[in-house]
Amino acid sequence: MSERSLGQAAKGGAGDMAKKPKWVVEKEQAKRASAAETVWLFGHHAVRDALLNPRRVKLRLILTPNAAEKLGDAVAEAGMEPEISDPRRFAAPLDPQSVHQGAALEVKPLDWGKLEDVALSGEGALRLVLLDRVTDPHNVGAILRSAEVFGAQAVIGTRHHAAPETGALAKTASGALERQPYLRERNLADTITALQGIGYIVLGLDGEAETTIEDAVEGKRDRPIALVLGAEGPGLRPKTRETVDALVKIPFAREFGSLNVSNAAAVALYAVRA
């Protein structure tokens, strides 16, 4: 092939790349970024449960002598060789304010699979928690813990404007992150529509709603139910409000009538139990 032909071929190839739709390019970029991403978990509970989770890809373990003694059984079962670090100069790249208890584990984020598969897994009444712009990792960690306690299939956030999997989230979840699926979907309204398509009743929590959550699920507790909670303050976005099957409220005894989003999630999950 001549130099001119090679140049034209190269130009044509670049042109083909440039013609890719924006969403395809963003998807490829997100996939590459996800493959390279790692998370540092810290604290005895979070590290122990991650060590014992066969689904976790574990990369590097840093422990103080005291933590190594306390976590010895989990370290042995995971088959990892920890790096022993001086507690005064803890070697893990953590925020100085992190209460790490002398234990840190570098891992790959968990891959729980496709939304439809997770949403339809398990026995009995199916329950999901969807989060609309809930960005505080401590709130999400607490919600994961409640979802695990009440037997939910998963907690679902969005890829943007949602708390990512972090050490702070894992520590607040107190081990639930290793057992409770946490999915992050591209678009919440599309996710709600997909869940409705596979049989879910999707309820959005709104303090100003006319219907209580108990009334909304009366006679329907055997159906799959998804609860959507918004960020404290702004609440649910207009598009989310339009897409859910109904807006419901948690009835309050007094005028104060406001709950932290993680507390609201726990109360709502209890209210829709089978």
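Analysis parameters
- Residues numbered from 1 in each chain as written.
- Predicted model: local features only at pLDDT ≥ 70, side-chain atom pairs only at ≥ 80, totals over all residues.
- Heavy atoms only, no water.
- Helix = DSSP H or I, 4+ residues; strand = E, 2+ residues; numbered from the N terminus.
- Contact = heavy atoms within 4.5 Å.
- pLDDT = per-residue confidence, 0-100.
- Patch = residues over 30% accessible without salt bridge, like charges linked within 9 Å, V, L, I, M, F, W, Y side chains within 5 Å.
- Areas by Shrake-Rupley, 256 points an atom, 1.4 Å probe, with all protein chains shown as cover.
- Salt bridge = Lys/Arg side-chain N within 4 Å of Asp/Glu carboxyl O.
- Buried < 20%, exposed > 50% of the residue type's maximum accessible area, 1.4 Å probe, protein only.
- Pairing = 2+ DSSP bridges.
- Axes fitted to C-alpha atoms, helices over the stretch in contact; angles between N-to-C directions.
- Phe/Tyr/Trp six-rings, centres within 6.5 Å; stacked < 30°, edge-to-face > 60°.
- Arc of directions from axis to C-beta.
- Polar contact = N/O pair within 3.5 Å; in protein donor to acceptor, adjacent residues only side chain to side chain.

Naming follows an unreviewed UniProt entry, where the protein chain appears as RNA methyltransferase, TrmH family, group 3 of Sagittula stellata.

Locating glutamate 178 in the fold gives a position in the loop between α8 (167-173) and β7 (182-185). With residues near it in sequence (within four places) discarded, glutamate 178 still touches Leu41, Asp49, Ala50, Asn53, Arg56, Leu110 and Trp112.

Glancing now at the confidence of the model for the protein chain. On average, the protein chain scores 89 in pLDDT, and the residues at 70 or more come to 86%. Within the model, the stretch residues 9-17 combines pLDDT values under 50 with zero contacts to residues more than four positions away or in other chains.

There is a patch of nonpolar side chains on the surface, built from Val149, Phe150 and Tyr270 and spanning about 310 Å² of accessible area. Within the element layout of this structure, valine 149 appears in helix α7 (residues 137-149). According to the relative accessible area criterion, valine 149 is exposed, its value standing at 62%.

With that settled, the discussion passes to the sheet that holds strand β2 (residues 58-63). Sheet architecture is open: four strands sit in the order β1-β4-β2-β3, paired in mixed fashion. Of all the strands in the sheet, just β1 (39-42) and β3 (83-84) have a single pairing partner and so form its edges. In this structure, β1 lies alongside strand β4 (residues 103-107), joined through four bridges in antiparallel fashion. Residue pairing for β4: phenylalanine 42 is matched across the bridge by alanine 104. On the sheet, helix α3 (residues 44-51) packs against β1, β2 and β4 and is oriented at approximately 45° with respect to β4.

On to the packing of aromatic side chains. A full pass over the atoms with the stated rule returns one aromatic pair. On the basis of an interplanar angle of 65° and a centroid distance of 6.2 Å, the ring pair of phenylalanine 150 and tyrosine 270 is categorised as edge-to-face. Pair noted here: phenylalanine 150 is in the loop between α7 and β6 (154-158) and tyrosine 270 is in helix α12 (residues 261-271), with a separation of 120 residues, a long-range link. When its relative accessible area of 45% is taken as the criterion, tyrosine 270 is described as partly exposed.

What follows covers helix α9 (residues 188-197). Within α9, burial applies to Leu188, Ala189, Thr191, Ile192 and Leu195. Here the buried residues of α9 occupy an arc of 160° about the axis, which is enough to place them on one side. A distance of 3.0 Å separates the backbone nitrogen of alanine 189 from a side-chain oxygen at the start of α9, and that oxygen is part of asparagine 187. Trailing α9 by a residue or two, glycine 199 shows a phi angle of about 105°, which is positive.

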